[in-house]
Amino acid sequence: AAMRALAPTVLRVGGSLADQVMYVNIPGGPPTPCEDFVKDNTRRVGFRGGCLSWTRWRRLFSFCEAVGCQVLFSVNALNGRKAERCPPST
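In short, a report on the structure. Computed from a prediction, not measured in an experiment: that's the story for all the values here. (Residues numbered from 1 in each chain as written. Predicted model: local features only at pLDDT ≥ 70, side-chain atom pairs only at ≥ 80, totals over all residues. Heavy atoms only, no water.)

1. What about the packing of aromatic side chains?
Overall, the coordinates contain 3 aromatic pairs when judged by the stated rule. Their ring planes at 80 degrees and their centres at 6.2 Å tell us that Phe37 and Phe47 sit as a pair that is edge-to-face. Taken together, the residues Phe37 in the loop between strand E2 (22-24) and strand E3 (38-39) and Phe47 in strand E4 (residues 47-48) connect sequence positions 10 residues apart. Residue Phe37 is classed as partly exposed on the basis of its relative accessible area of 37%. For Phe47, a relative accessible area of 29% corresponds to the partly exposed category. Feature note: the residues Trp57, Phe61 and Phe73 constitute an aromatic cluster, connected by ring pairs. The ring of Phe47 carries Lys39 above its face, with NZ or CZ at 5.1 Å from the centroid. (Phe/Tyr/Trp six-rings, centres within 6.5 Å; stacked < 30°, edge-to-face > 60°. Helix = DSSP H or I, 4+ residues; strand = E, 2+ residues; numbered from the N terminus. Buried < 20%, exposed > 50% of the residue type's maximum accessible area, 1.4 Å probe, protein only. Lys NZ or Arg CZ within 6 Å of the ring centre and 35° of its normal.)

This is how it looks when you write it as structure tokens:
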């Protein structure tokens, strides 16, 4: 009821942690372990892991369909990259 009362609403998935989120277990793809977010103060963003499985995606979209919200999500374009110094010429 609260989400319907706030309509129109956009539910943001990813955000600041978008580069940590993995989208896994899509139909037709290989089964992949789905690790929850874990607090890790050694990481720049303070967390490691985190995934959104196909099952969780479907629940998220079903929820938004039921309450009338839209979903906005970010992709993990920097996943796996290492922080390195830029070459002096850049």
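After presenting the structure, the write-up continues.
2. A closer look at the side chain of Ser53
Turning to its location among the elements, Ser53 is positioned in strand E5 (residues 51-53). Those residues in contact with Ser53 that lie beyond four places of it in its chain are Val24, Asn25 and Cys34. (Contact = heavy atoms within 4.5 Å.)

3. What about the state of the cysteines?
When the sulfur atoms of two cysteines share a covalent bond, that bond is a disulfide. Summed over the entire model, instances satisfying the criterion amount to 2 disulfides. Sulfur-sulfur distance for the disulfide between Cys34 and Cys51 comes to 1.6 Å. Taking the torsion about the S-S bond as the criterion, the Cys34 to Cys51 disulfide, at about 115 degrees, is right-handed. Taken together, the residues Cys34 in the loop between E2 and E3 and Cys51 in strand E5 connect sequence positions 17 residues apart. With a relative accessible area of 10%, Cys51 lands in the buried category. Each sulfur in the disulfide pair Cys64 and Cys69 lies 2.1 Å from the other. (Disulfide = S-S within 2.5 Å.)

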